Amino acid sequence: MDFVMAAIFFPLVIYLIFLLYKIIDKRRYQCCYLIHYECHKPSDDRKLDTKFSGDIIARNKNLGVEEHKFILRAIVNSGIGEETYGPRNIIECREDSSTLEDGIAEMDEFFVDTLDQLFKKTGVSPHEIDVLVVNVALLAAVPSLSSRIVSLYKMRHDIKTFNLSGMGCSASLISLNLVENIFKTHKNVLAIVVTSESIAPNYYSGNDKSMILTNCLFRSGGCSMLLTNNRAMRCRAKLRLKCLVRTHLGSSDEAHTCCLQKEDDQGRIGFFLGKNLPRTATRAFTRNIIDLAPKVLPLKELIRYVVSRSLRKTNLNLKTGIDHFCLHPGGTAVIEQVRMKLGLSEKDVEPSKMTLHRFGNTSASSLWYVLGYMEAKKRLKKGEKIWMISFGSGFKCISCVWEVVRDLEDGNVWGDTIENYPPKTIANPYMVQYGSVYEENLEPLIPEYDKNMNT
């Protein structure tokens, strides 16, 4: 009898040990490590300073007095500085006659700059890459941009490629989530995420105020990053992904239509931003925090919040579980609203404000310029947590939390200017030069403005 019991029990124990090993082994390879990231800094001949931005506005003959006033007010309050970058067709005064080639050329310049540096600095060969994810919301070329990169770098025939479009400013974290899920079912994978936005063929030349704003805020940029779940490479990693939360309010018609690409009354294509966008963003942001908080905050803080909430209005103290806040630099007003809602300090939002000032809103890649600022300032220490949050059309709010694997101090794209930040003032020169834009009677301003811009 004992022999029979042993014969049954022993294989069962072996099987249970095997299952436990498989579970542990599987979890070991589900980690997502960021090995390196490379942000794009276009050449100086693509800079858009105050005067040149004024030239672009003056060239648009579809704008009337009120539209000029609206655009200048938007630029004055945008928080964007003098050294952001634009696409070449706009620099060359061809924004009204852009071509598909303009968009592809803009992407090629970004691809070569960032990917060459990424391969060089990591020592990884293009042939070693298993997964490639490219996200550019407003450019869907055929063959795809991911195929273009495979051709450019002669990657393997069995590489798994994904090309995402229409995701807006949240696209890089969506791409990250895609890679994270691939890591759960495949071991020792090397993945590259390439994130940017195509500005060149998407300039709006009409006069609809709800569609003009994107011309004022968005600038050229991009980022390429190398990720892996290979534990043998964790000593080379910069960050380890702790969690990622996606919130999508697309089932609401109001949320779905608050920002979208469409034609105006004259048939000109542009990107529409509705008046209900702030309200929609607040709803998505709140929902996202509710889902994220239990994953990253200590139990003590969650209990404190529940008890305090029943007695009086109070906010979660995210600083009990988060050390750095990587907020999407969509605009000064957006950053300020998030800062006040979360009870953050000026230093907490400094990286986002300085990114907006130096590089503008580069859409989905903006978060990585913010991260680069923190790293260049040598603020990221081993064990600290970084919260990234972004918003996208649809309407989506995506956030994730990283853990710093080792002390970071790479100068990256900020290397030659980081000592100048934060500057003593980030006041826009338009405030001084065109202060009269706020005058009620703007008629005398426009002829003088056009005269100044044409000299």
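Residues numbered from 1 in each chain as written. Predicted model: local features only at pLDDT ≥ 70, side-chain atom pairs only at ≥ 80, totals over all residues. Heavy atoms only, no water.

## Observations concerning the pairing of strand S12 (residues 385-392)
Under the convention used in this document: Remark: exposure states derive from per-residue accessible area (1.4 Å probe, protein chains only) relative to the maximum for the residue type, with buried under 20%, exposed over 50%, and partly exposed in between. Secondary structure counts use DSSP, requiring at least four H or I residues in a row for a helix and at least two E residues in a row for a strand, with both numbered from the N terminus. At least two DSSP bridges between two strands are required for those strands to pair.
Where burial is concerned, most of S12 is hidden: 7 out of the 8 residues are buried. Here 4 bridges tie strand S11 (residues 324-327) to S12, and the two strands are oriented parallel to one another. Counted as the bridge partner of His 324 is Ile 386 from S12. Inspection of the sheet shows S12 paired to strand S13 (residues 396-404) by 8 bridges, in the antiparallel sense. Within S13, the position partnered with Ile 389 by the bridge is Ser 399. Connecting S12 to the next strand, S13, in antiparallel fashion are 3 residues, including Gly 394 with a positive phi near 135 degrees.

## Here's the deal with the pairing of strand S5 (residues 160-164)
Selection rule: When the strands point away from the viewer, a crossover counts as right-handed if the path from the first strand over the helix to the second runs clockwise.
Here strand S4 (residues 131-136) runs beside S5; their pairing, made up of 5 bridges, is parallel. Each residue of the ladder has a partner; that of Leu 132, found in S5, is Thr 161. Regarding topology, helix H6 (residues 145-153) serves as the crossover connection from S4 to the parallel S5, and that connection is right-handed.

## As for the packing of aromatic side chains
Just so we agree on the cut-off: Any two rings among Phe, Tyr and Trp, with Trp reduced to its six-membered ring, count as a pair given centres within 6.5 Å; such a pair is stacked if its planes are under 30 degrees apart, edge-to-face if over 60, and tilted if neither.
Using the criterion set out here, one finds 13 aromatic pairs in the structure. Each ring, one from Phe 285 and one from Trp 387, has its centre 6.3 Å from the other, and the planes form 15 degrees; the classification is stacked. One end of the pair, Phe 285, is in helix H10 (residues 277-296); the other, Trp 387, is in strand S12, with 102 residues separating them in the sequence. What makes Trp 387 buried here is its relative accessible area of 1%. Ring centres of Trp 414 and Tyr 421 lie 5.4 Å apart, and the angle between their planes is 85 degrees; this geometry places the pair in the edge-to-face category. Take Trp 414: its relative accessible area is 0%, and that puts it in the buried class. Judged by relative accessible area, which is 9%, Tyr 421 ranks as buried. Chaining the aromatic ring pairs together yields one cluster made of Tyr 85, Phe 359, Tyr 369, Tyr 373, Trp 414 and Tyr 421.

## A short note on the packing of helix H3 (residues 65-76) against helix H8 (residues 209-217)
In plain terms, the rule: Axis definition: a line fitted to C-alpha atoms, limited for helices to the stretch in contact. Angles are taken between N-to-C directions and run from 0 to 180 degrees. By the definition adopted for this analysis, an angle is roughly parallel if under 35 degrees, roughly antiparallel if over 145, roughly perpendicular if from 65 to 115, and oblique otherwise. Here is the rule for handedness: rotate from the far helix to the near one, and if that takes an anticlockwise turn smaller than a right angle the crossing is left-handed, while a clockwise turn gives right-handed. For this analysis, residues touch if any pair of their heavy atoms sits within 4.5 Å. Each residue gets one of three labels, nonpolar for Ala, Val, Leu, Ile, Met, Phe, Trp, Tyr, Cys and Pro, charged for Asp, Glu, Lys and Arg, and polar for the others, Gly among them.
In contact at an axis separation of 10 Å, H3 and H8 are set at 40 degrees when each is read in the N-to-C sense. By the angle class used here, H3 and H8 are oblique. Between H3 and H8 the crossing geometry is right-handed. Note on element contacts: H8 touches H3 through Lys 209, Ile 212, Leu 213 and Cys 216, opposite Glu 66, Glu 67, Phe 70, Ile 71, Ala 74 and Ile 75. Residues that form the contact of H3 with H8 fall into these classes: 7 nonpolar, no polar and 3 charged.

## Details of a nonpolar patch on the surface
For the record, the criterion: Residues qualify for a patch when their relative accessible area is over 30% and they have no salt bridge, like charges being joined within 9 Å and the nonpolar side chains of Val, Leu, Ile, Met, Phe, Trp and Tyr within 5 Å. Accessible surface is estimated by sampling points in the Shrake-Rupley manner with a 1.4 Å probe; for residues, cover comes only from the protein chains shown. Salt bridges are defined by distance alone: a side-chain nitrogen of Lys or Arg within 4 Å of a carboxyl oxygen of Asp or Glu.
Side chains of Leu 299, Ile 303, Val 307 and Leu 311 sit close together on the surface and give an oily, nonpolar patch of about 430 Å² of accessible area. With respect to the helices and strands, Leu 299 occurs in helix H11 (residues 299-311).

## Looking at the packing of H10 against helix H12 (residues 332-342)
Between H10 and H12, the least distance of the axes is 12 Å, while the angle of their chain directions is 40 degrees. Considered as vectors, H10 and H12 are oriented oblique to each other. Regarding H10 and H12, the two cross each other, and that crossing is right-handed. Touching Thr 282, Phe 285, Thr 286 and Ile 289 of H10 are Val 338, Lys 341 and Leu 342, all from H12. Taken together, the residues that form the contact of H10 with H12 break down as 4 nonpolar, 2 polar and 1 charged.

## Some points on the sheet that holds S12
Pairing within the open sheet is mixed, and its 9 strands lie in the order S5-S4-S6-S7-S1-S8-S13-S12-S11. In the strand order of this sheet, the two ends are held by S5 and S11, each with one partner. On average, adjacent strands in this sheet sit at an angle of 20 degrees to one another, irrespective of strand direction. Bridge count between strand S1 (residues 33-39) and strand S8 (residues 239-248): 2 bridges; the pairing is antiparallel. Across the sheet, the residue bridging to Leu 34 is Leu 239, located in S8. The sheet strands contacting helix H14 (residues 366-376) are S1, strand S6 (190-196), strand S7 (222-228), S8, S11, S12 and S13, and the helix crosses S11 at an angle near 150 degrees.

## Side note on the pattern of salt bridges
Oppositely charged side chains can pair when the atoms bearing their charge come close. Within this structure, the stated rule accounts for 29 salt bridges. The partner of Arg 283 in a salt bridge is Glu 254, with the nearest N and O atoms 3.8 Å apart. With a gap of 29 residues between them, Arg 283 in helix H10 and Glu 254 in helix H9 (residues 253-256) connect regions that are remote in the sequence. A residue is classified by how much of its surface remains accessible, and Arg 283, at 37% relative accessible area, is partly exposed.

## Looking at the nonpolar core
Nonpolar side chains tend to gather and get buried jointly when the protein is soluble and globular. Under the convention used in this document: Nonpolar cores were defined as sets of buried Ala, Val, Leu, Ile, Met, Phe, Trp, Tyr and Cys residues, with membership established by side-chain atoms within 4.5 Å.
Membership of the largest hydrophobic core comes to 46 residues, with the highest contact counts inside it found for Leu 176, Leu 227, Trp 368, Leu 371, Met 388, Trp 402 and Trp 414. Element by element, the count of residues in this core is highest for H14, at 8 residues.

## Focus: the confidence of the model for the protein chain
Stated precisely, the cut-off is as follows: For every residue, the pLDDT score states the predictor's confidence, bounded by 0 at the bottom and 100 at the top.
Mean pLDDT over the protein chain: 86, with 88% of residues reaching 70 or higher. In the model, residues 435-455 has pLDDT below 50 throughout and makes 32 contacts with residues more than four positions away in sequence or in other chains.

## Details of the layout of surface pockets
Sizing a probe to match a water molecule and rolling it over the atoms shows the empty space that remains. Basically, it comes down to this: Only protein atoms enter the calculation, which uses a 1 Å grid: trapped sets of points that fit a 1.4 Å probe without letting it out are cavities, open sets showing protein on both sides within 12 Å along at least five of seven lines are pockets, and any residue with an atom within 4 Å of a point is a lining residue. Grid points are joined across faces, edges and corners, and a volume is the space filled by probe spheres set on the points.
Counted as a void, the second largest pocket has a volume near 380 Å³. In terms of lining, the second largest pocket is formed by 15 residues, of which the most central are Thr 286, Ile 289, Tyr 305, Asn 315 and Leu 316. Mapped by element, the contributors of at least two residues to the lining of the second largest pocket are H10, H11 and H12. If you tally residues by element for the lining of the second largest pocket, the top one is H10, at 5 residues.

## Focus: the UniProt feature "active site" (unreviewed entry) in the protein chain
Applicable threshold: UniProt positions are given in the numbering used here, feature names are shortened, and annotations may be inferred rather than shown by experiment. Side-chain atoms alone can form a polar contact between residues adjacent in sequence; in general such a contact is a pair of N or O atoms within 3.5 Å, and within protein one must be able to donate a hydrogen while the other accepts it.
If you check UniProt for "active site" (unreviewed entry), the listed places come out as Cys 169, His 248, His 324, His 328, His 357 and Asn 361 in our numbering. Lining the second largest cavity, from the set of annotated residues above, are His 328. Along the chain, His 324 falls in strand S11. Given a relative accessible area of 13%, His 324 falls into the buried group. The residues contacting His 324, other than those within four sequence positions of it, are Met 374, Arg 379, Leu 380, Glu 384, Lys 385, Ile 386 and Trp 387. Looking at His 324, its side chain comes within polar contact range of the side chain of Glu 384, at 2.7 Å. Here His 357 shows up in helix H13 (residues 346-359).

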